[in-house]
Amino acid sequence: MAESWVNSAQRIGADLHLELSAAGSRRAALGQALREAVQDGRLAPGTRLPPYRSLAADLGLARNTVAEAYAELVAEGWLTARQGSGTRVAPRAVRQKSSPPTSAAAPMAPAAPVHDLRQGRPDAASFPRAAWLAAARRSLNTAPNEAFGPGDPQGRIELRRALADYLARARGVRTAPERIVVCSGVAHALRLLFGGGVLRGPLAVEAYGLPFHRSVLAAAAVRTVPLEVDELGARVAESAGVRNVLLTPTHQFPTGVPLHRERRAAVVDRARARDGLIVEDDYDGEFRYDREPVGAVQGLDPERVVYLGSVSKSLSPAVRLGWMVLPEHLVPAVLAVKGEREAWASVLDQLTLAEFIASGHYDRHVRRMRQHYRRRRDRLVAALAEHAPQIAPIGIAAGLHAVLRLPPGTEPGTLEAAARQGLALDGLAAFRHPDAAPLAADGLVVGYAAAPEHGYGAALEALCRVLLEPQEASGGSTSASPEKVKAASPPPSSA
Ligand SMILES: Cc1ncc(COP(=O)(O)O)c(C=O)c1O
């Protein structure tokens, strides 16, 4: 089989490889190769094809051969040809690939969840596409040429300035652009700090937290020591002998309580007394609904706190941009770990975010989303009050999720019932540190941001149906045997 390949990227705007099999005429082979490229989506509807002459030159064909092949595909409806706009792939030319026949004996794959109540996801439909695009355009138009060279590992100065201003204003962070290092998110910051050896274990962490972060720390060989969580947040006086602590003080993840005022002061005292540091994960600090905003602990002592944040909740986890606000003495060590060039956070995205913040669009977006999520939260609370009044939601004053307290031992059965209803959500047990005692009650962690607007009502109905199903208490690992319970109970009221 003889092949001929062409890469016509510059002319059609997409990287296309055409393979001409030797069978049949050259015209028929080209026609077939184009059909296949359209059919399998390599040539998307609307894509402009290269002019006859250049494709003919690339493939070593006569110009007429290409013209005839195009004409044939136009006649068949694969392509359209219009004076002035060239030859393009027809708008609906892509055919669905037929799925392979399933054998009757083949095992059924579990049905994909119908309702998405998973925590940790913002509303993807609300991404501010037009404003982001406009910020990208403005920042590209005005960026100096040096912006397109290798990136500064500390991050673009435009972004660090915008962040210093925003974080001081909105989160009470005391900083300056020189103390900020841009990264790709909180998980990346933990990798840099602990994987890079800037900070070392052991590290005190909240007894309930993000398993992914625990695995990042475990991969860096950091031993984590759990601090029990109660209605005032993490018990920060525990774990004597451990100098450094990782906390989510604004909105404990996942139980939802803010760290009590006295404990905020106590954790700073702890760090000073032990010559340690607080790593503050401010993952959803912008979203507080009913009460006074809770400022960052960092503002209490900037030399004792490594403050971490990202746009993963406020904009989208797809953007992959975050920041570390560092005590002055840690800046050189973090920059040494990052290396000579920026390797994680796209400079162009940094410029876009800088412009997005500086132009006021970030504030506007956060305000809009705060209202949107508050309405979602209110609908959840109202649905529970009406249909499942025995269930008390907790941690609802902030963030994008709530915890629904369940009778001890009923979490596994409730999760199974949820799966049967096509409901994707998590149980509290999934977040427990392996060395921590379970909370006295079981719980569901319900994310109210991710479901599409048109499906949110149905998701809440499915949730209430699940909560109404009677569940037998299992002796499973999620329920707490009395002697194992150290923390008296999860936080009792909406925090
Ligand atoms: C507790 C917690 N911290 C931080 C983050 C954000 O992580 P990243 O910035 O790596 O996307 C999340 C996101 O889901 C989270 O739940």
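Anything mentioned here points back to the structure above.
In this report, we go over the structure that sits alongside the text. If you're wondering where the values come from, they're calculated on a predicted model, not measured in any experiment. (Residues numbered from 1 in each chain as written. Predicted model: local features only at pLDDT ≥ 70, side-chain atom pairs only at ≥ 80, totals over all residues. Heavy atoms only, no water.)

### Focus: the packing of aromatic side chains
Stage number 1. A complete count under the given rule lists eight aromatic pairs for this structure.
Stage number 2. Among the aromatic residues, those joined into a cluster by ring pairs are Phe127, Trp132, Tyr166, Phe356 and Tyr362.
Stage number 3. Taking the ring centre of Tyr456 as reference, the NZ or CZ of Arg376 above it sits at 4.6 Å. (Phe/Tyr/Trp six-rings, centres within 6.5 Å; stacked < 30°, edge-to-face > 60°. Lys NZ or Arg CZ within 6 Å of the ring centre and 35° of its normal.)

### Some remarks on the site of the ligand
Stage number 1. With respect to spatial proximity, 13 residues lie near the ligand, and among them Val186, Asp281, Ser310, Ser312 and Arg320 are the closest.
Stage number 2. Ser310 has a polar side-chain atom sitting 2.7 Å from an oxygen atom of the ligand.
Stage number 3. Between the ligand and Lys313, the relevant distance is 3.4 Å, taken from an oxygen atom to a side-chain nitrogen or oxygen of the residue.
Stage number 4. Here the residues of the shell around the ligand sort into five nonpolar, five polar and three charged. (Near = heavy atom within 4 Å. Polar contact = N/O pair within 3.5 Å; in protein donor to acceptor, adjacent residues only side chain to side chain. Nonpolar A, V, L, I, M, F, W, Y, C, P; charged D, E, K, R; others polar.)

### Re the sheet that holds strand E9 (residues 244-247)
Stage number 1. Overall, mixed pairing links the seven strands, which are arranged E4-E12-E11-E10-E9-E5-E6 in an open sheet. Of all the strands in the sheet, the pair left with one neighbour each is strand E4 (180-183) and strand E6 (224-227). If you compare each strand with its neighbour and ignore which way they point, the axes differ by 20° on average.
Stage number 2. Of the strand pairs in this sheet, E4 and strand E12 (residues 322-325) are connected by four bridges, and their pairing is antiparallel. Bridge pairing links Val181 to Met324 in E12.
Stage number 3. Contacting strand E5 (203-206), E6, E9 and strand E10 (278-281), helix H9 (residues 261-274) crosses the sheet at an angle of about 155° to E9. (Pairing = 2+ DSSP bridges. Helix = DSSP H or I, 4+ residues; strand = E, 2+ residues; numbered from the N terminus. Axes fitted to C-alpha atoms, helices over the stretch in contact; angles between N-to-C directions. Contact = heavy atoms within 4.5 Å.)

### Considering unusual backbone geometry
Stage number 1. In this chain, Gly201 is followed by Pro202 through a cis amide linkage whose omega measures -5°.
Stage number 2. Looking at the secondary structure, you find Pro202 in the loop between helix H7 (186-195) and E5.
Stage number 3. In this structure, Pro254 follows Phe253 across a cis peptide bond, with omega equal to 5°.
Stage number 4. Inspection of the secondary structure puts Pro254 in the loop between E9 and H9.
Stage number 5. Positive phi is not limited to glycine here, since Ala221 has a value of about 60°.
Stage number 6. Inspection of the secondary structure puts Ala221 in the loop between helix H8 (211-219) and E6.

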